[in-house]
2 protein chains.
Amino acid sequence: MTDAASDSASDAGPHLRLQLHLAYDGTEFHGWAAQPGLRTVQGEIEAALARVLRLDRPPRITVAGRTDAGVHARAQVAHVDIPPAAWGHALGWRRGASRPDEAIGLLTRRLNGVLGPDVRLKSIGLAPEGFDARFSAIARRYCYRISDTPASRDPVERGHVLWHIRPLDVSKMHDAAARFLGEHDFAALCRPRPGASTVRRVLEASVHRVGCGGPEADGGRIEIWVEADAFCHSMVRSMAGALVAVGEGRRPVEWIDSVLASSERESAANVLAPHGLTLEAVKYPPPAALAATAQAHRAVRGPLH
Amino acid sequence: MTDAASDSASDAGPHLRLQLHLAYDGTEFHGWAAQPGLRTVQGEIEAALARVLRLDRPPRITVAGRTDAGVHARAQVAHVDIPPAAWGHALGWRRGASRPDEAIGLLTRRLNGVLGPDVRLKSIGLAPEGFDARFSAIARRYCYRISDTPASRDPVERGHVLWHIRPLDVSKMHDAAARFLGEHDFAALCRPRPGASTVRRVLEASVHRVGCGGPEADGGRIEIWVEADAFCHSMVRSMAGALVAVGEGRRPVEWIDSVLASSERESAANVLAPHGLTLEAVKYPPPAALAATAQAHRAVRGPLH
């Protein structure tokens, strides 16, 4: 039995685990994690579930990638365990909704009707056997977007692109990013948590200039794509900050190696502003491996995402 | 001498014509055109020019595509004529800015420093001989973006994508769009102006579903791309509305022909909400043809964009 299911163990019968795919604009949220008195993504969705399913208290949602205040998500994954009584209620909403997939369709529409436009449930499904949104995940993929020239500033996209004042050398940044690949201790690029490991495996780290919108030669904005098995706190934004230090010419490409070799927080790697960061994907193993992956991760990993 | 230049004919010497490339998020603007007491893109830029160049009164800007309230632009083009005295001032801003291109670089940075983040001057240049932002233009290109499924709703991009409640048949919309190609009288799809022609030549009209962000199979949003020599008032949004009527199955593909044959405003072609629309490009002929094109357009076209 999972942590979340045990929360409401007083309800009779097995809980139904739902898998949620969602997206949000982080601008008006104080991050993912529920905090008393603050508008958070978790808080909003838990409240919406309680309202739509008429639960006495909000169910607890477990998420794949906890995002900080101001960080966006385009493909966040979460799960929630619904007590059977509530589910029966959802099933019985109206005639014609007797099949689970129809009830789930209704649930999705009702939740989106209750939620603000800056968070959307893209789809809801019954979670496959052994699925845990957080512990079954094998990789998280983020993109940090930067506009470094006046010509590449797009006001329409200013909410999720950092406007950097100095031009950056993308080629050097890309070379520097390659040095992050593989397993390293990211202690110098994380806000530390006592007793928790800061070793992570980086699966992708690339920096490119991408054209945006129309045939105008606008120089394009910069996209930093990073995928890892997991990230510790503020790790992507610190990695991006280190790459900007290289892109500006303040540090050489090789400096990344010494940052990774250090266990001290590296001050030259600024934690970049949150609004440039978007969680773009969460990856899971094939269905047969979901339970074993979750078990293995639960055993070795601390309270990190 | 152009209209704009004649406005300030009292200043001695030839005016310098600047070509402006700019982008804006239309959300907080009452459209392009200056209106007393309202925040408009034209009003903001003219005020910024007056402030930065210390002019007694704002210079008048001429634009390629007048956009309505709430419509965005990613590659708008405009021109402005600067009196020689002001230009001398700009040139003399500081030592080292003695060449025109350096002065223009300073001007761009100063203007962006004064303007809000929802409008950006992407680049400024000396206009080539014979250039008129409005009358030299040979085509305007717009994109109307629609999300028609819960899975394709992206909160981060909700400011420039219409969320449509019903799923749309993109293949039918694309077939219908092809019927707009060529020269037609768009009287049924324009807000009419007395005495002004509503005949326009459509150079591109296509509808596609495009993937957005990450590997998730989100169905993708719909993009309607339309390019024409020029557009009359609310024409793109009415064309998009007609295509939505086809996409929903309320009208057959062939209905577009009868709309184009009619001179009455077609009520089934709703003018879609402005926030889904973005001006993506303005096209000009080769430099040698700029003056002749402007002259020809000035002779035949009314006060339309």
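Residues numbered from 1 in each chain as written. Chains lettered and ligands numbered in written order. Predicted model: local features only at pLDDT ≥ 70, side-chain atom pairs only at ≥ 80, totals over all residues.

1. Let's talk about the interface of chain B and chain A
As a measure of interface size, the accessible area lost when the parts come together is often cited.
Move 1: Every contact between the two is made by 32 residues of chain B and, on the other side, 32 residues of chain A.
Move 2: Breaking the side of chain B that touches chain A down by element, the ones donating at least two residues are β1 (16-24), β3 (72-82), α4 (100-114), β4 (119-126) and β10 (277-283) of chain B.
Move 3: Sort the elements by how many residues they give to the side of chain B that touches chain A and β4(B) lands first, with five residues.
Move 4: Class assignment of the residues belonging to the side of chain B that touches chain A gives a composition of 12 nonpolar, nine polar and 11 charged. (Contact = placed C-beta atoms within 7 Å. Helix = DSSP H or I, 4+ residues; strand = E, 2+ residues; numbered from the N terminus. Nonpolar A, V, L, I, M, F, W, Y, C, P; charged D, E, K, R; others polar.)

2. Examining the relation of the copies chain B and chain A
Move 1: Mapping chain B onto chain A calls for a screw motion: a turn of 180° about the axis and a shift of 0.0 Å along it, with 0.0 Å RMSD after fitting. Interpreted geometrically, this transformation is the action of a two-fold axis. Within chain B, the C-alpha atom positioned nearest to the axis of rotation is that of Glu157(B), 3.8 Å from it.
Move 2: Most of the interface of chain B is mirrored in chain A, where 100% of its interface residues are also at the interface. (Least-squares fit on C-alpha atoms with pLDDT ≥ 70 in both.)

3. Re helix α6 (residues 235-247) of chain B
Given 3.6 residues to a turn, an α-helix orients residues that are three or four positions apart in the same direction.
All names here are of chain B.
Move 1: Its 13 residues give α6 an end-to-end C-alpha distance of 18 Å, which sits within 8% of 18 Å, the value for a rise of 1.5 Å per residue.
Move 2: The buried fraction of α6 amounts to 13 of the 13 residues, a majority that puts the element mostly inside the structure.
Move 3: Where α6 ends, the next residue or the one after it, Gly249, has phi of about 85°, a positive value. (Expected span 1.5 Å × (residues − 1). Buried ≥ 20, exposed ≤ 12 C-beta atoms within 10 Å, placed from the backbone.)

4. Notes on unusual backbone geometry
All names here are of chain A.
Move 1: Located in the positive-phi region is Arg54, a residue other than glycine, with phi close to 50°.
Move 2: Looking at the secondary structure, you find Arg54 in the loop between α2 (41-52) and β2 (61-63).
Move 3: The exposure class assigned to Arg54 is exposed, which follows from the 10 C-beta atoms found within 10 Å.

5. With respect to the packing of helix α5 (residues 170-178) of chain B against α6(B)
Two measures define how a pair of helices packs: the angle their axes make with one another and the distance between the axes.
Residue and element names in this part refer to chain B.
Move 1: It is the contact of α5 with α6, at a shortest axis distance of 8 Å, that shows an interaxial angle of 135°. The pairing of α5 with α6 is recorded here as oblique in orientation. In the packing of α5 onto α6, the handedness of the crossing is right-handed. Counted together, Val170, Lys172, Met173, Ala176 and Ala177 of α5 and Leu243, Val246 and Gly247 of α6 form the full contact between these two elements.
Move 2: Partitioned by chemical class, the residues of the contact of α5 with α6 number six nonpolar, one polar and one charged. (Axes fitted to C-alpha atoms, helices over the stretch in contact; angles between N-to-C directions. Parallel < 35°, antiparallel > 145°, perpendicular 65-115°, else oblique. Left-handed = near helix turned anticlockwise from the far one by under 90°.)

6. Quick look at the environment of Arg57(A)
Residues and elements named next belong to chain A.
Move 1: With respect to the element layout, Arg57 can be found in the loop between α2 and β2.
Move 2: The class of Arg57 is exposed, set by 9 C-beta atoms lying within 10 Å.
Move 3: The spatial distance from the C-alpha of Arg57 to the C-alpha of Glu204 is 40 Å, given a sequence separation of 147 residues.

7. Topic: the pairing of strand β9 (residues 221-228) of chain A
Residue and element names in this part refer to chain A.
Move 1: Within β9, six of the eight residues are buried, leaving the element largely enclosed by the surrounding structure.
Move 2: With seven bridges connecting them, strand β5 (residues 139-147) and β9 associate as antiparallel partners. From the neighbouring strand, Cys143 faces β9, where its bridge partner is Trp225.
Move 3: Here strand β8 (residues 199-210) runs beside β9; their pairing, made up of eight bridges, is antiparallel. Looking at β9, one finds that Arg209 is bridged to Ile222. (Pairing = 2+ DSSP bridges.)

8. Brief notes about the domain arrangement of chain A
Move 1: By domain assignment, chain A separates into domain 1 (3-135) and domain 2 (139-282).
Move 2: Grouping the constituent residues of the side of domain 1 of chain A that touches domain 2 of chain A by class yields six nonpolar, seven polar and three charged. (Domains from an automatic or database assignment.)

9. Considering the environment of Val52(A)
All names here are of chain A.
Move 1: If you trace the backbone, Val52 turns up in helix α2.
Move 2: On a C-alpha basis, the gap between Val52 and Thr108 in space is 9.9 Å, while along the polypeptide they are 56 residues apart.
Move 3: Beyond its immediate sequence surroundings of up to four residues, Val52 is in contact with Leu107, Arg110, Leu111 and Val114.

10. Remarks on the environment of Arg120(A)
Residue and element names in this part refer to chain A.
Move 1: Relative to the helices and strands, Arg120 resides in strand β4 (residues 119-126).
Move 2: With 25 C-beta atoms packed within 10 Å, Arg120 lands in the buried category.
Move 3: Sequence separation between Arg120 and Thr108 is 12 residues, and the spatial gap between their C-alpha atoms is 9.2 Å.

11. Notes on α5(B)
Residues and elements named next belong to chain B.
Move 1: Taken as a whole, α5 has its buried residues at Met173, His174, Ala176 and Ala177. The buried residues of α5 all sit within an arc of 165° when viewed along its axis, so they share a single face.
Move 2: Taken together, the buried residues of α5 touch β8 (199-210), β9 (221-228), α6 and α7 (255-261). (Arc of directions from axis to C-beta.)

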